[in-house]
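A look at the structure
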Amino acid sequence: MASAAAIELAHVTKRYGKVVALDDLSLSVTSGVFGFLGPNGAGKTTAVKILVGLARPTAGGGSLAGASFGSKASLHKIGYLPELFRYQSWLTAREVLALHCELAGLERSRWAAEIDRILATVGLADRGGSRVGTFSKGMQQRLGLGIALIGDPAVVLLDEPTSALDPVGRHDVREIIRALRERGAVVFLNSHLLTEVEQVCDSVAIVDRGKVVAQGVLADLLRTSSVRLRASGLSREGRAALARFGEIDDGADGAILIRGVEMERIPDVVSEAVRSGARIYAVEPQHETLEERFLRLLGQ
Amino acid sequence: MTATFVVGRQVIAEAARRKLLLALVLLTIVVIALTVWGIARIEDLRSAGQPLSEAQRRTIVSQLLILVMFMFSWVLSLAAVFVAAPAISGEVESGIALALLSRPMSRAEYVIGKWLGLVALVLGYAIAAAVIELVAVQAVSGYQPPHPIEFLAFVMGEAVAVLTLTLAFSTRIAGMVGGVIAAILFGIVWMGGIVGGVGAAFGNETITHVGTATKLILPTDGLWRGAVWSLEPAVVLAAQTALGPAAAANPFFATEPPPAAYVIWSVLWIAAVLAVAVWSFRGREV
């Protein structure tokens, strides 16, 4: 069944024997760069494999590029870089790309130009004629990324695309992802690297042990800030009143941290504290990084 | 359909690039050179100080050729096992299959493409090696086996049968394990053929049935009997047949070709095992 979303997972569960890899996972991506973020073993790779039909869900369903998982109609419109990227070591990079041009159904007359474009994009322009067997891991990952870009797919799934890359390579990948967004492609980025996700993703889902623990537009998730209050004479009632603004943590230095307070509400927090008889020495708005939020969510 | 041929072509490209073809060509040249040299030396043999008669020479050449071709059929079948065993499992283990199978290609296209590529590889080698060997032997000895085309067909059928079985294993189990299992089965069936022959020689029905059963379960030995029959000159055939059922125990001899029904069975068997391979890989998560 066609769906407006480029990527749709509806109540997907995946079990390997007794191990639950995905637990009633639902998410929907319609545009932009989507970050699927989680620690190792959270089920990220399983989710992508289900999307491209390499694995089957135990329960649930969904669609990729408007068609069912693993169907030819869907696979014609996507590009995929697997987490375990290995290519035919006995072929040259150009030959591997030509093989994928052919399998992707590109007209033969377009191959040469497409391969040149891809090699230049992923920074392998001068190694096109070399055997893949002579490539470093990072170069193989660049090649894999190039393979995922063949034929300008509408949806690009990248599973840990920078795992083997140096800082320059990581920068290049970010640029490639931004370029994909520019031309309107939907990118599904699996990563355990928060900084990577923070820099390129429009929306994210944080997954842990097969479950989504937070999902939303990145700006919204990041807007969830906190405020540090150094005050004396805060009564029990006053503390209870402040708890209505957000979760309260006691800092080591006697300050309290109220989480989940948006910037506009900080004056309200202060007046509430003053009303309850507390004396305020410092108010420090804090912008929670995705990493802090990530760790906090996983710690729950 | 395109995907099938792309996958098949890749099998041959890999064999060429990994220098498998080169190794086969070099080793085959060595084997052919040795047999040709050996057969040429038969001229020098003497029986009670006299040169051998034409009939004696022919008989010796024919039996030598059967032994050489028996080795050829084993090498061909085992080579088929070696190339087929990792054909799918190796790509799944390494991760090469992940990028391939996420292209618009069905699992059936992938498996059948692998099969076609492997069959082309094995048959191409079989035809080239056997033709050169037979032509070379004829050149030095003047001897030509009575049914060379049938011989080739039977030997190729034998190799394709064991190749298909090994490829089916490769959809589920590691290349090393699948290869060992297929090689052992191949050996068991060969032994089963001899056991069945012993049963026939001594008129024991139960033991004969064992041989028949193994020939049906994996048709390699049954097809080998067809190959060996194709190489028997009429004089040897007559002499051995005169021995009666006792000759049935000899794995290098067959009084008659396998019946047409058995050939049909072998073709259906190969098709069925290939279908099982496709079905098995369809259910495989990679």
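Residues numbered from 1 in each chain as written. Chains lettered and ligands numbered in written order. Predicted model: local features only at pLDDT ≥ 70, side-chain atom pairs only at ≥ 80, totals over all residues. Heavy atoms only, no water.

What follows concerns the pairing of strand E6 (residues 155–159) of chain A. Residue and element names in this part refer to chain A. With respect to burial, E6 is a largely interior element, five of its five residues being buried. Of the two faces of E6, the one lined by Val155, Leu157 and Asp159 and the one lined by Val156 and Leu158 are each fully buried. As paired elements, strand E5 (residues 78–81) and E6 share four bridges and run parallel to each other. Directly across from Leu81, in E6, lies its bridge partner Leu158. Bridge count between E6 and strand E7 (residues 186–191): five bridges; the pairing is parallel. Paired with Asp159 across the two strands is Asn190, which belongs to E7. Regarding topology, helix H6 (residues 167–182) serves as the crossover connection from E6 to the parallel E7, and that connection is right-handed. (Buried < 20%, exposed > 50% of the residue type's maximum accessible area, 1.4 Å probe, protein only. Helix = DSSP H or I, 4+ residues; strand = E, 2+ residues; numbered from the N terminus. Pairing = 2+ DSSP bridges. Right-handed = clockwise from strand over helix to strand, strands pointing away.)

Per the counting criterion, the structure on display carries 28 salt bridges over all chains. Notably, a salt bridge pairs Arg58 of chain B with Glu54 of chain B, separated by 3.6 Å at the nearest N-O pair. Of this pair, Arg58 of chain B and Glu54 of chain B both sit in helix H3 (residues 54–84), four residues apart, roughly one helical turn. Residue classification places Arg58 of chain B among the partly exposed residues on the basis of a relative accessible area of 38%. Across the pair Lys114 of chain B and Glu91 of chain B runs a salt bridge, and its minimum N-O distance is 3.1 Å. Here Lys114 of chain B, found in helix H6 (residues 107–141), pairs with Glu91 of chain B, found in helix H4 (residues 89–94); they are 23 residues apart in sequence, far enough to count as distant. Note on accessibility: Lys114 of chain B and Glu91 of chain B belong to one class, buried. If you follow the salt bridges from partner to partner, you end up with Glu114, Arg117, Asp152 and Arg183 of chain A in one network. (Salt bridge = Lys/Arg side-chain N within 4 Å of Asp/Glu carboxyl O.)

Looking now at the interface of chain A and chain B. Many descriptions give the size of an interface as the accessible area lost when the pieces come together. Counting residues at the interface gives 31 residues for chain A, matched by 29 residues for chain B. Both sides together, the interface formed by chain A and chain B hides about 2,700 Å², and carbon and sulfur atoms give 56% of it. On the chain A side of the contact with chain B, Leu54, Trp90 and Leu103 of chain A bury the most area, a combined 29% of that side's loss. Here chain A and chain B share four salt bridges between them. As a salt-bridge pair, Lys72 of chain A and Glu109 of chain B come within 2.9 Å of each other at their nearest N and O atoms. Across the contact surface, chain A and chain B share 12 residue pairs in polar contact (both at pLDDT 80 or more). Every element with two or more residues in the side of chain A that touches chain B is listed here: strand E1 (7–16), helix H2 (72–75), E5 and helix H3 (93–104) of chain A. Per-element accounting of the side of chain A that touches chain B gives the leading share, six residues, to H3 of chain A. Classifying every residue of the side of chain A that touches chain B gives 17 nonpolar, six polar and eight charged. (Contact = heavy atoms within 4.5 Å. Buried area = accessible area lost by both parts, 1.4 Å probe. Polar contact = N/O pair within 3.5 Å; in protein donor to acceptor, adjacent residues only side chain to side chain. Nonpolar A, V, L, I, M, F, W, Y, C, P; charged D, E, K, R; others polar.)

So, on to the side chain of Arg57 of chain B. All names here are of chain B. When you line up the elements, Arg57 lands in helix H3. Look at Arg57 and you get buried, because its relative accessible area is 18%. When near neighbours in sequence (up to four residues on either side) are disregarded, Arg57 contacts Ile42, Glu43, Leu52 and Ser141.

With that out of the way, let us pick up the environment of Lys137 of chain A. Residue and element names in this part refer to chain A. In this structure, Lys137 sits in helix H5 (residues 137–149). Overall, Lys137 belongs to the exposed group, its relative accessible area being 53%. Between the C-alpha atom of Lys137 and that of Leu165, which follows or precedes it by 28 residues, the distance is 8.0 Å. Every residue in contact with Lys137, bar those within four places of it in the chain, is listed here: Phe85, Arg86 and Ala164.

Ile7, Leu27, Leu143, Leu157 and Phe188 of chain A together with Phe72 and Tyr110 of chain B are the most contacted members of the largest nonpolar core, which totals 164 residues. Each of domain 1 (7–218) and domain 2 (222–299) of chain A accounts for three or more of the residues forming this core. Apart from residues lying up to four places away in sequence, Leu157 of chain A is in contact with Ile7, Val48, Leu51, Val52, Leu64, Ile78, Gly79, Tyr80, Leu81 and Phe188 of chain A. Core analysis: the next-biggest nonpolar cluster, separate from the first, contains 11 residues, Leu229, Phe245, Ile256 and Ile258 of chain A among them. (Core = buried A, V, L, I, M, F, W, Y, C linked by side-chain atoms within 4.5 Å. Domains from an automatic or database assignment.)

Note that all results are geometric; they support no functional claim without further evidence.
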